[in-house]
Each structure stands twice: as C-alpha cells, then as structure tokens.
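Below are the chains, spelled out letter by letter.
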Amino acid sequence: MFRCSVRLIKGLTQITWLREQPVLPNLLYRRSVPAAYLPSRALRVTWPCAEEVKDFSLPNPSWSQNMRNLYNKYMELSQQGSWIRLPSYNVTATHLIGKAEQCPDSAKPQVTTRLFTRNLDVEGLGFEYVMFYNQAELRTVGIFQAGPYLEGPIGLTHGGAIATIVDTTSGACAICTLGKVKTANLNINYRSPITLGSTVEVQCRVDKIEGRKIFMSTEIRSADSQVLHIEATALFIQMKMSE
Ligand SMILES: CCCCCCCC(=O)SCCNC(=O)CCNC(=O)[C@H](O)C(C)(C)COP(=O)(O)OP(=O)(O)OC[C@H]1O[C@@H](n2cnc3c(N)ncnc32)[C@H](O)[C@@H]1OP(=O)(O)O
C-alpha cells in the first residue's frame, strides 16, 4: 500500500491535486508540440482561461442510465477510499504547467491541440467515458458509452475507437502506477461487437512490471458483465528521465 502510494505521488506529482487537477494530461503533455508538426501556423491561438476548463469525466445529459449506475457505483467506492476518479480534460496544452494563467506567453502553443478522445464539443456524439484507479490493486476501470460518431459497421462501434479506449484506460493505469509512459504494443481480440449507444465496462490491470516495462491486460464487458466484448494486452514503456 505504501509502495503504491509513493509511486502514485511520484507519478502524479502532487497527491492533493488528484481529485481536482488535470493529472493525466499534465503528465503526458508537459512539453508543447513543435509548431512544425501542427496543421497550420495560420490557425489562431486559443488559450482557455482556467475557469473555462471542463472536466469531461463528470455526468452529462447524454449519459445512459447504465452509465450513471456504474458511475455511481464507483463513486461510492471512491468515497470508501479504494478508488479514485480520474479527471479528464480536452485542451491538453492548458495543463502544461497546471494552470493557464501561470503560463508565460512564450510557452503558449501556436495553435490549439486537443486530446483525441475529447475532441468533440457536443456531448454524447463521441467518446463518453470516466475512469477510476485503484492504487492498492493497480487497476483502472473505465465506463465507456460509444456515441454515434464512433460508427464502424452499421450500428456498431469502430474497432479503432475500441482500441483507443483500451489504450486510454490501460495507459491511465500505467501512468498512475509508473508515471509518464508511451504505448509500445497493443494486442486486441474482438470477441463480440459493441453496439453504438451502449455502455460497457473496461477493466484493466497491471500484470507485471520489469524495469521500465509495464505489462497490462484489459477486458471489456457489457454493463451487466454478461457479454465479453474485448480481451487485450498492452505494453507501456516508462519514459526516460530526459524525455
Ligand atoms: C489518459 C490518456 C492515456 C493515454 C495513453 C496513450 C499513450 C499513447 O498513445 S503513446 C502514443 C503511441 N505510442 C508511440 O508513439 C510510441 C512510439 N515508440 C517509441 O517512442 C519507442 O519505441 C518507445 C518509447 C516505446 C520505446 O523506446 P525507448 O524508450 O528507447 O525504449 P527501448 O530502450 O527501446 O526499450 C525498452 C525496453 O522495452 C522493450 N520494448 C520497446 N518497444 C517494444 C515493443 N514494441 N514490444 C516489445 N518490447 C518493446 C525493449 O526490448 C526494452 O526491453 P529490455 O529493457 O528488456 O531490453
């Protein structure tokens, strides 16, 4: 327990921020993207004020009853101390140093970037999800509702969107456990399709840690746990101190 807490504190910088601060984006996107890799220098700078920052992992009117039920279940567990809800923001660059107003003009990006999973402004169309981390068990749970803009086959969720959710949920677990990581390998077995609009539960756990390598496995099941949709494994590599 103590070891896990120390890892989390090291990884997330300040444990007291955990419930309110943009923990994951702060870890992942500390460095701004070089302007040369961004779509156009002609785009105007958008720099949201801190009060405009929205936590996308809170309930909104698009959430189904299943999504709300699972959310309430893990919120209750969070209040008992075993789980922590992970906040989630869209403008990752905002969180380079935590608060927009602390960022000097020279460090502001030339164009706006967005976290891929939070790039739609209308609630319910794309990825609706919330993640919880259990530091004692080195597990994350993701509650995911697939919106209509994630269609692959007619009426079903695109396999790439599902891979994104696996990467995001297992990546969050790896980050909470080891600090900054990158995905090195992702293997997915698609066992049964996920209907658009349905809510599924994503269960990720750490299988083993070897030096900078953290091996994860993931299962996605229907909200009532009866249907197995996905089995996956992933390897994340802890970033070097210099990165
Ligand atoms: C909340 C949101 C969470 C979202 C999380 C999403 C994270 C992402 O999507 S990251 C973006 C996608 N990933 C990438 O772009 C990564 C591209 N790849 C890379 O940058 C590098 O190859 C990287 C970082 C994975 C490894 O490079 P590097 O840090 O130099 O590690 P390196 O020294 O080569 O290897 C370290 C160990 O990992 C192993 N390893 C590296 N890559 C692999 C791989 N693909 N498969 C198996 N093992 C590997 C090596 O064999 C080595 O093992 P050992 O220590 O036993 O010798």
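These numbers come from a predicted model, not from an experiment.

### Quick notes on the overall build of the chain
1) Next: The helix and strand inventory of the chain stands at 4 helices and 7 strands.
2) Next: Across the chain, helices and strands are ordered from the amino to the carboxyl terminus as α-α-α-β-β-β-α-β-β-β-β.
3) Next: Buried positions account for 45% of the 243 residues belonging to the chain.
4) Next: In the chain, once contacts between residues fewer than 6 apart in sequence are set aside, the share between residues at least 24 apart is 69%.

### What to know about the site of the ligand
1) Next: Near the ligand you find 12 residues, and of these Thr-183, Ala-184, Arg-212, Lys-213 and Lys-240 are the closest.
2) Next: Between the ligand and Arg-212, the relevant distance is 2.6 Å, taken from an oxygen atom to a side-chain nitrogen or oxygen of the residue.
3) Next: The side chain of Lys-213 places a nitrogen or oxygen atom 2.8 Å from an oxygen atom of the ligand.
4) Next: Bound to the protein, the ligand loses 50% of the 1100 Å² it would expose on its own.
5) Next: Elements represented by at least two residues in the shell around the ligand include exactly helix H2 (23-28), helix H4 (159-178), strand S4 (181-190) and strand S7 (228-238).
6) Next: The biggest single contributor to the shell around the ligand is S4, with 3 residues.

### Notes on the nonpolar core
1) Next: Core analysis: the largest hydrophobic core is formed by 33 residues, its most contacted members being Phe-144, Met-216 and Ile-220.
2) Next: Of all elements in the fold, only strand S2 (127-134), strand S3 (139-146), H4, strand S5 (199-210), strand S6 (213-222) and S7 reach the threshold of two or more residues within this core.
3) Next: Examining the composition of this core, we find that 10 residues originate from one element, H4, more than from any other.
4) Next: Residues contacting Phe-144, with those up to four places away along its chain left out, are Met-67, Phe-127, Glu-128, Tyr-129, Leu-150, Ile-165, Ser-198, Thr-199, Val-200 and Val-202.
5) Next: Counting residues in each nonpolar core, the second largest holds 10 residues, with Trp-63, Phe-132, Val-141 and Ile-143 among its members.

### Re the UniProt feature "domain: Thioesterase" (unreviewed entry) in the chain
1) Next: The UniProt record marks residues 155-227 with the feature "domain: Thioesterase" (unreviewed entry), using the residue numbering of this structure.
2) Next: Span residues 155-227 is 27% helix and 44% strand, its end C-alpha atoms 17 Å apart.

### Things to note about the packing of aromatic side chains
1) Next: Evaluated as defined, the whole model comprises 6 aromatic pairs.
2) Next: Plain terms: the ring middles of Tyr-71 and Phe-132 are 6.2 Å apart, the flat faces sit at 55° to each other, and that makes the pair tilted. Of this pair, Tyr-71 sits in helix H3 (residues 65-80) while Phe-132 sits in strand S2; the two residues are 61 residues apart in sequence, bridging distant segments of the chain.
3) Next: Judged by relative accessible area, which is 9%, Tyr-71 ranks as buried.
4) Next: Centre to centre, the rings of Tyr-74 and Trp-83 are 5.3 Å apart; their planes meet at 75°, and the pair counts as edge-to-face.
5) Next: Judged by its relative accessible area of 4%, Trp-83 is buried.
6) Next: An aromatic cluster of three or more residues is present, and its members are Trp-63, Tyr-71, Tyr-74, Trp-83 and Phe-132.
7) Next: Its end group placed over the ring of Phe-56, Lys-54 keeps NZ or CZ at 4.4 Å from the ring centre.
8) Next: Above the ring of Tyr-129, the side-chain terminus of Arg-118 is found at 3.6 Å from the ring centroid.

### Here we look at unusual backbone geometry
1) Next: Positive phi outside glycine occurs at Leu-138, with the angle close to 50°.
2) Next: Tracing the sequence through the fold places Leu-138 in the loop between S2 and S3.

### Things to note about the pairing of S5
1) Next: Where S3 meets S5, 7 bridges bridge the pair, whose relative direction is antiparallel. Its bridge partner being in S5, Thr-140 is matched across the sheet by Cys-204.
2) Next: With 10 bridges joining them, S5 and S6 adopt antiparallel strand pairing. Among the inter-strand pairings, Cys-204 is bridged to a residue of S6, identified as Thr-218.
3) Next: Linking two consecutive strands that pair antiparallel, namely S5 and S6, is a turn of 2 residues; a positive phi of about 60° is found at Gly-211 within it.

### Quick notes on the pattern of salt bridges
1) Next: Taken as a whole, this structure holds 9 salt bridges when the rule is applied.
2) Next: As a salt-bridge pair, Arg-85 and Asp-55 come within 3.0 Å of each other at their nearest N and O atoms. Of the two residues, Arg-85 sits in strand S1 (residues 84-86) while Asp-55 sits in the loop between H2 and H3, which places them 30 residues apart along the sequence.

The rules behind these values
Residues numbered from 1 in each chain as written. Predicted model: local features only at pLDDT ≥ 70, side-chain atom pairs only at ≥ 80, totals over all residues. Heavy atoms only, no water. Helix = DSSP H or I, 4+ residues; strand = E, 2+ residues; numbered from the N terminus. Buried < 20%, exposed > 50% of the residue type's maximum accessible area, 1.4 Å probe, protein only. Contact = heavy atoms within 4.5 Å. Near = heavy atom within 4 Å. Polar contact = N/O pair within 3.5 Å; in protein donor to acceptor, adjacent residues only side chain to side chain. Areas by Shrake-Rupley, 256 points an atom, 1.4 Å probe, with all protein chains shown as cover. Core = buried A, V, L, I, M, F, W, Y, C linked by side-chain atoms within 4.5 Å. UniProt positions renumbered as here; feature names shortened; annotations may be inferred. Phe/Tyr/Trp six-rings, centres within 6.5 Å; stacked < 30°, edge-to-face > 60°. Lys NZ or Arg CZ within 6 Å of the ring centre and 35° of its normal. Pairing = 2+ DSSP bridges. Salt bridge = Lys/Arg side-chain N within 4 Å of Asp/Glu carboxyl O.

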